[in-house]
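Commentary on secondary and tertiary structure
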Amino acid sequence: DYQMWLDVRSLESRMNERYVTHESDDLRWHHHAQLSGLDYPPHLLNGPRSEGAQKLERYQDHQEEELETLSERVSEL
């Protein structure tokens, strides 16, 4: 769950090495935190804040595109 992921990421951050998590998880959990109204520790964002914001925006755009595609497919059924 989200709390476990935060705990593991905090440990990895202190150790300055990733053991369990992968960078590809970061945007998904950041997006989850935003949707759920949860805090996301800023020190866990990869790269500069502006880069992280751009990645999140691209991720959200991609999610919206997928939902539109699924909606179109359901409409065809």
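Residues numbered from 1 in each chain as written. Predicted model: local features only at pLDDT ≥ 70, side-chain atom pairs only at ≥ 80, totals over all residues. Heavy atoms only, no water.

**A look at the pattern of salt bridges**
- Within the structure shown, the criterion is met by five salt bridges.
- One salt bridge connects aspartate 26 with arginine 9, and the closest N-O pair in it is separated by 3.9 Å. One end of the pair, aspartate 26, is in helix H2 (residues 23–36); the other, arginine 9, is in helix H1 (residues 2–15), and 17 residues separate them in sequence. Across the pair, arginine 9 and aspartate 26 agree in class, each one buried.
- With a shortest N-O distance of 3.7 Å, aspartate 25 and arginine 28 are connected by a salt bridge. (Salt bridge = Lys/Arg side-chain N within 4 Å of Asp/Glu carboxyl O. Helix = DSSP H or I, 4+ residues; strand = E, 2+ residues; numbered from the N terminus. Buried < 20%, exposed > 50% of the residue type's maximum accessible area, 1.4 Å probe, protein only.)

**Re the packing of aromatic side chains**
- Scanning the model with the defined rule gives four aromatic pairs in all.
- Through pairs of rings, three or more aromatic residues link up here, namely Tyr2, Trp5, Trp29 and Tyr40. (Phe/Tyr/Trp six-rings, centres within 6.5 Å; stacked < 30°, edge-to-face > 60°.)

**Notes on the nonpolar core**
- Tyr2, Trp5, Leu6, Trp29, Ala33, Tyr40, Leu44 and Leu45 together form the largest nonpolar core, which totals eight residues.
- Listed by contribution, the elements that provide at least two residues to this core are H1 and H2.
- Considering each element in turn, this core owes the most residues, three residues, to H1.
- Apart from the residues lying within four places of it in its own chain, the contact partners of tryptophan 5 are Thr21, Asp25, Asp26, Trp29, Tyr40 and Leu44. (Core = buried A, V, L, I, M, F, W, Y, C linked by side-chain atoms within 4.5 Å. Contact = heavy atoms within 4.5 Å.)

**Let's talk about the side chain of arginine 9**
- The exposure class of arginine 9 is buried, given its relative accessible area of 7%.
- In contact with arginine 9, not counting residues within four places along its chain, are Arg18, Thr21, Asp26 and Leu44.

**Let's talk about a nonpolar patch on the surface**
- On the surface, Leu11, Met15, Tyr19 and Val20 cluster together into a nonpolar patch covering about 460 Å² of accessible area.
- Mapped onto the elements of the fold, leucine 11 is located in helix H1.
- The partly exposed category is assigned to leucine 11, whose relative accessible area is 44%. (Patch = residues over 30% accessible without salt bridge, like charges linked within 9 Å, V, L, I, M, F, W, Y side chains within 5 Å. Areas by Shrake-Rupley, 256 points an atom, 1.4 Å probe, with all protein chains shown as cover.)

From the geometry alone we can't say anything about function, so treat these as descriptive.
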